[in-house]
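In case you want the letters, here they are:
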Amino acid sequence: MSKLWGGRFTKKTDQLVEEYTASITFDKELAEEDIQGSMAHVTMLGKCGILPLEDVAKIKDGLQQVLAMIRKGELEYTIANEDIHMNIEKTLIDLIGPVGGKLHTGRSRNDQVATDMHLYLRKRVVEFVGLLQKLQEALIAQAKANIDTLVPGYTHLQRAQPILLAHHLMAYVSMFERDIDRLKDSYKRINVLPLGAGALAGTTFPIDRHYVAELLGFDGVYENSLDAVSDRDFIIEFLASASTLMMHLSRMSEEMVLWMSTEFGFIELDDAFCTGSSIMPQKKNPDVAELVRGKTGRVYGNLVGLLTVLKSLPLAYNKDMQEDKEGMLDTVRTLQGALQLFAPMVATMKVNKDRMRQAVNQDFSNATDIADFLVNKGLPFREAHEVIGKTVLYCIQNGKFLLDLKLEEFLQFSELFDERIYDVLQPEAVVNARNVYGGTAAPQVSAAISRAEAAIADTATWVEEYLERAHKTV
Ligand code: ARG
C-alpha cells in the first residue's frame, strides 16, 4: 500500500523505521476527536466554497461510516499508515473513493494533531473536575458524621493540639477545591483552536478559522500559526495540575496507611478496598492507598518528560512532539483510576472514634491552652510557656497527664492557677476555644462545610455545562 505522502520517495520505508516512527499504537485513542475535527473542517471547506457541497456531503457521510467502524472496533489500524490521522484518511478514501482525498485540503497533520489533543483534553479536564467533586462529597459526608469526633492534630508527626476529625477531612476538601480551580482555569487555554495554522504558516485557501472554532465550541483561535502548531503548554499545564492533585491524593493515602496501622488504629478501610497476603493470613493491606501514593511518581515523571521533550525545540513542529501523547494518556488513566477508587474508599472508611478519643485524652495536646490561661491572667506568654514546660516535665516524670494533677500540684508551678483550669483542659474546650474563621471549633467547621457545599453545587453546574460544550460535534 503506498503512503499518503509517498510521491517524492523512490524507496520503501525501512521496516524498523516504520515501526519506530509510527504512533498509531497509542494515538488511536484520539480517533473520535480526529473525526470530530475533520467533520468541522470539511463543513467549513464547503461553507467557504473551497469544496463543492456534494463532495462535502460524501466526505461527511464517509467519516460517519469510519466513526461507526471505530466504535464497533472494526477499523483495522496499520503501522504502515503511521498514525490515527492517516489511518482514518486512508480508510475514508477506501470507502468513498478519491473524493476522500479532498478532506485534507487547507490542513496539515500538524494543526490536525494539535486540534485532536485540544479536543481530547478538554473532555478529560471536565471529567476530572466531576470526579473531584464526587471525592469532595465523600469527604464532606464523613466530616458531617464526625463533627464531634476528636483526634490529635499533629505537627512533626507529634501530637500538637486536638482537633475535630471533620476539620482534618475538610482540609482535603480545600486542597481538592484548588485542584478543581486549576483544572477549570486550564480549560480556557485548552479551549483554543489551532486548526487553520496549516503546517506552520497558514494556508493559501480562503478558510474560516473562526467558523470551525464556533462549530466545535472553541472560545477562540490561536493568534499565531507557528505557535498554534508548536504549543504544548496546555498539556504541560494539565500534567502539572495532575501532579499537584496526585501529590494531594498521595498525602491522604499516606495518612490512611498510617492511620490504619495497628499502632494508630484510627480507621479501617473497607475490605473491598484492601487485599490480603499470600503468606500471612492475618494481613489486610491498604493497597489502593499505597498504589495511589506509588503512582504519583509516574505522574510527576510524565510532567518532567514532556517539559524535557519541549526544552530547546525550535519552532515549529518537530517529530519530537509526537512524544507528547503517551505520557498524557498515561496520566489520564492514572488519575481516572485513583479518583474513581478514592471517593468510595473514603465513603466506606470506618472511623474508630474511641481509639481517637483515647489518643486525645492520653497526651499533652492541651498544654497550649493552659499556657493561654496564664496569659489571660497577665503572665507574659514566654513565662507561661516556661511554667507549662516544667509542669509537663513533672507529669512525664510522675506518669501523669495534665488533667490528673491536683490543684496543689499545679500551684507548685504558678500561683495563677485556679479551679477553672480543669474546664480549660477538657479536650472539647480546647477544640471549641479555637473559634476563629478557618479554625477547628465546631461552629467554624460547620460553617466551612456549608461553604464547601455551596462550592460543590457551583462545580456541579459547571461540570454539566462544560461537559456538553466539550462534546460539541458538528
Ligand atoms: N503522528 C504525528 C504526531 O503525533 C502527527 C503529526 C505529524 N506531522 C508531521 N509533520 N510528520 O505528532
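Residues numbered from 1 in each chain as written. Predicted model: local features only at pLDDT ≥ 70, side-chain atom pairs only at ≥ 80, totals over all residues. Heavy atoms only, no water.

1. Examining the overall build of the protein
Across its full length, the protein carries 19 helices and six strands. In summary, the protein has a C-alpha radius of gyration of 30 Å against a globular reference of 23 Å for 474 residues, an excess of more than 25%. Projecting the C-alpha coordinates of the protein onto the three principal axes gives extents of approximately 100 × 50 × 40 Å. For the protein, the proportion of its 474 residues judged to be buried stands at 51%. For the protein, contacts bridging at least 24 residues in sequence account for 77% of all contacts bridging at least 6. Surface accessibility of the protein: about 22300 Å² in total, with carbon and sulfur atoms responsible for 54%. (Helix = DSSP H or I, 4+ residues; strand = E, 2+ residues; numbered from the N terminus. Rg over C-alpha atoms; globule rule 2.2 N^0.38 Å. Buried < 20%, exposed > 50% of the residue type's maximum accessible area, 1.4 Å probe, protein only. Contact = heavy atoms within 4.5 Å. Areas by Shrake-Rupley, 256 points an atom, 1.4 Å probe, with all protein chains shown as cover.)

2. Looking at the packing of aromatic side chains
One pass over the structure, following the stated rule, counts 13 aromatic pairs. In this structure an aromatic cluster arises from ring pairing among Tyr 154, Trp 259, Phe 264 and Phe 266. The ring centre of Phe 9 lies 5.8 Å from the NZ or CZ of Arg 8, which sits over that ring. Against the face of Phe 218 rests Arg 122, its NZ or CZ located 4.6 Å from the ring centre. (Phe/Tyr/Trp six-rings, centres within 6.5 Å; stacked < 30°, edge-to-face > 60°. Lys NZ or Arg CZ within 6 Å of the ring centre and 35° of its normal.)

3. Comments concerning the pairing of strand E2 (residues 158-164)
When strand E1 (residues 150-155) meets E2, the two strands line up antiparallel, connected through six bridges. Each bridged residue has a counterpart across the sheet, and for Gly 153 the counterpart in E2 is Gln 161. Counting the residues in the hairpin turn of E1 and E2 gives two residues, including His 156, whose phi is positive at 55 degrees. (Pairing = 2+ DSSP bridges.)

4. Topic: the nonpolar core
Membership of the largest hydrophobic core comes to 89 residues, with the highest contact counts inside it found for Phe 238, Leu 249 and Met 256. Dropping the residues within four chain positions of it, Phe 238 is found in contact with Leu 121, Val 125, Phe 128, Leu 183, Met 328, Thr 331, Val 332 and Leu 335. Judged by nonpolar contacts, the second largest core, of 32 residues, contains Ile 24, Ile 59, Val 99 and Leu 216. (Core = buried A, V, L, I, M, F, W, Y, C linked by side-chain atoms within 4.5 Å.)

5. A few points about the pattern of salt bridges
Applying the stated criterion across every chain, the model contains 29 salt bridges. As a salt-bridge pair, Glu 18 and Lys 3 come within 2.6 Å of each other at their nearest N and O atoms. Note that Glu 18 is positioned in helix H1 (residues 15-21) and Lys 3 in the segment before H1, a separation of 15 residues in sequence. For the residue pair Glu 18 and Lys 3, the accessibility class agrees, reading buried in each case. (Salt bridge = Lys/Arg side-chain N within 4 Å of Asp/Glu carboxyl O.)

6. Focus: the packing of helix H10 (residues 233-260) against helix H11 (residues 287-310)
Closest axis-to-axis distance for the H10/H11 pair is 8 Å, and the angle between their directions is 160 degrees. Our classification of the angle between H10 and H11 gives roughly antiparallel. As for how H10 packs across H11, the hand of that crossing is left-handed. For the contact of H10 with H11, the class distribution of residues is 18 nonpolar, five polar and four charged. (Axes fitted to C-alpha atoms, helices over the stretch in contact; angles between N-to-C directions. Parallel < 35°, antiparallel > 145°, perpendicular 65-115°, else oblique. Left-handed = near helix turned anticlockwise from the far one by under 90°. Nonpolar A, V, L, I, M, F, W, Y, C, P; charged D, E, K, R; others polar.)

7. Notes on the site of the ligand
Close contacts around the ligand come from Ser 23, Asp 27, Asp 83, His 85, Arg 109, Asn 110, Val 113, Tyr 317, Gln 322 and Lys 325, and that covers them all. Sorting elements by how many residues they give to the shell around the ligand places helix H6 (residues 109-145) first, with three residues. Along the lines of polarity and charge, the residues of the shell around the ligand split into two nonpolar, four polar and four charged. (Near = heavy atom within 4 Å.)

8. Section: the side chain of Thr 105
Tracing the sequence through the fold places Thr 105 in the loop between helix H5 (84-96) and H6. Not counting the four nearest positions on each side in its chain, Thr 105 is found in contact with His 41, Leu 45, Ile 50, Leu 51 and Phe 205.

9. What to know about the side chain of Asp 111
With respect to the helices and strands, the residue Asp 111 is situated in helix H6. No salt bridge forms around the buried Asp 111; measuring N to O, its nearest opposite-charge neighbour Arg 107 is 5.8 Å away. At a separation of 3.3 Å, a polar atom in the side chain of Asp 111 contacts the main-chain amide nitrogen of Ala 197. Discounting residues that sit within four places of it in the chain, Asp 111 has contacts with Pro 194, Leu 195, Gly 196, Ala 197, Gly 198 and Val 229. (Lys, Arg positive; Asp, Glu negative; His and termini not counted. Polar contact = N/O pair within 3.5 Å; in protein donor to acceptor, adjacent residues only side chain to side chain.)

10. A few points about a nonpolar patch on the surface
There is a patch of nonpolar side chains on the surface, built from Leu 200, Leu 226 and Leu 315 and spanning about 260 Å² of accessible area. On the secondary structure map, Leu 200 appears in the loop between strand E3 (192-193) and helix H8 (209-216). (Patch = residues over 30% accessible without salt bridge, like charges linked within 9 Å, V, L, I, M, F, W, Y side chains within 5 Å.)

11. Things to note about the environment of Asp 219
Within the element layout of this structure, Asp 219 appears in the loop between H8 and strand E4 (220-221). With 45 residues separating them in the primary sequence, Asp 219 and Ser 174 have C-alpha atoms 29 Å apart. Non-local contacts of Asp 219, meaning those with residues more than four positions away in its chain, are made with Asn 191 and Arg 469.

12. Focus on unusual backbone geometry
Residue Leu 315 is joined to Ala 316 through a cis peptide bond whose omega torsion reads 0 degrees. At Glu 82, a residue that is not glycine, the phi angle is positive and equals roughly 65 degrees. Structurally, Glu 82 is set in the loop between helix H4 (53-72) and H5.

13. Focus: helix H19 (residues 442-470)
Between the first and last C-alpha of H19 there are 41 Å, a value that for 29 residues agrees with the 42 Å anticipated at 1.5 Å per step. All of the buried residues along H19 are Gln 444, Val 445, Ile 449, Ala 452, Ala 455, Ile 456, Thr 459, Trp 462, Val 463, Tyr 466 and Ala 470. Elements in contact with the buried residues of H19: helix H3 (31-47), H6, E2 and helix H7 (165-190). (Expected span 1.5 Å × (residues − 1).)

14. A look at the environment of Leu 306
For Leu 306, the position within the fold is in helix H11. By relative accessible area, which is 4% here, Leu 306 ends up buried. Spatially, the C-alpha atom of Leu 306 lies 8.8 Å from that of Arg 232, the residues being 74 residues apart in sequence.

15. So, the packing of H6 against H19
Look at H6 against H19: their axes get within 9 Å of each other, and the N-to-C directions meet at 155 degrees. For the element pair H6 / H19, the angle class is roughly antiparallel. Seen from above, H6 lies across H19 with left-handed handedness. Here H6 contributes Arg 122, Lys 123, Val 126, Glu 127, Val 129, Gly 130, Gln 133, Gln 136, Glu 137, Ile 140, Ala 143 and Lys 144 to the contact with H19, which in turn contributes Ile 449, Ala 452, Glu 453, Ile 456, Thr 459, Ala 460, Trp 462, Val 463, Tyr 466, Leu 467, Arg 469 and Ala 470. For the contact of H6 with H19, a count of residues per class yields 13 nonpolar, four polar and seven charged.

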